[in-house]
Amino acid sequence: VISISWIAQVVLFVFLKPPHQRPFLNAIFTELNNVFSLFGTVAYAVFAFYLLWAAIKGQMKFGLRFLIISIHPMSLGKTMMNSLMFNTAVVLLVSAAIVQFCAIAFGGYAHTTAISQVFNSQVRYLKFLSWFYSFAGGIFYILFFCVAGISFIILIILPCFHKPQSTREQLNTHR
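Throughout, a residue's number is its position along its own chain's written sequence, starting from 1. pLDDT decides what is reported in this predicted model: residues at 70 or higher carry local features, side-chain atom pairs at 80 or more are listed and counted, and totals for whole chains, interfaces and linings draw on all residues regardless. Just so you know, side-chain values use all the structure's heavy atoms and leave hydrogens and water out.

A. Spotlight on the overall build of the chain. Strands here mean DSSP runs of E at least two residues long; helices mean DSSP runs of H or I at least four residues long; both are numbered from the N terminus. A tally of helices and strands in the chain yields eight helices and two strands. Along the chain, from the amino end to the carboxyl end, the secondary structure elements read α-α-α-β-β-α-α-α-α-α. Put simply, the chain has 175 residues, and 23% of those count as buried. Put simply, 54% of the contacts in the chain that link residues at least 6 apart link residues at least 24 apart. Each residue's exposure class comes from its accessible area (1.4 Å probe, protein chains only) as a fraction of the maximum for that residue type: buried when under 20%, exposed when over 50%, partly exposed otherwise. Working rule for contacts: check all heavy atoms of both residues, and any pair within 4.5 Å makes them a contact.

Below, the structure written as structure tokens:
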């Protein structure tokens, strides 16, 4: 449900112009704030943390793969320190991207925040990055939909790459 809401929010608020006529989740968050000011913030956090959770889950499941070779895999009891540090760095990079993505996707709700000012006014108009934002409505959002679509197709065709083991079986294989 949250994934479908995310995709609908991006299509309605980011791709279609003008975005203020189709607020969707922004209006829901604002109404939740009118009921009790913490509810809107909690709902915003649920959507942001869901996106972060999905990114971390994808990183742990697929790791960094080049074709069929897995580089820096994460597995219970077998992860080397350099792989752990590399995956931590990837999660940190993804976290910054998710903050920016949420600031833009929920621009109607978070329009008066400092992070919205930074990403929607300053980062968007940097000389190098302005080309990416102006190209075809934003290359980042097109890439988001491409990765989401490819992931959806892969997960439909191959629901799991291997039979999941219970924690007890995983621990017994490492003894």
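B. A look at the packing of aromatic side chains. Between rings of Phe, Tyr and Trp, where Trp is taken as its six-membered ring, a pair exists when centres lie within 6.5 Å; planes separated by under 30 degrees are stacked, by over 60 edge-to-face, and by other angles tilted. This structure, assessed with the given rule, holds 12 aromatic pairs. Between Trp6 and Phe106, the ring centres sit 5.0 Å apart and the planes meet at 40 degrees, which makes this aromatic pair tilted. Here Trp6, found in helix H1 (residues 2-15), pairs with Phe106, found in the loop between helix H4 (81-105) and helix H5 (114-122); they are 100 residues apart in sequence, far enough to count as distant. We note that Trp6, like Phe106, is buried. Here the aromatic rings of Tyr44 and Tyr109 are separated by 5.8 Å at their centres, their planes lie at 35 degrees, and the arrangement is tilted. Of the two residues, Tyr44 is situated in helix H3 (residues 37-62) and Tyr109 in the loop between H4 and H5; the sequence distance between them amounts to 65 residues. Here Tyr44 matches Tyr109 in class, with each residue buried.

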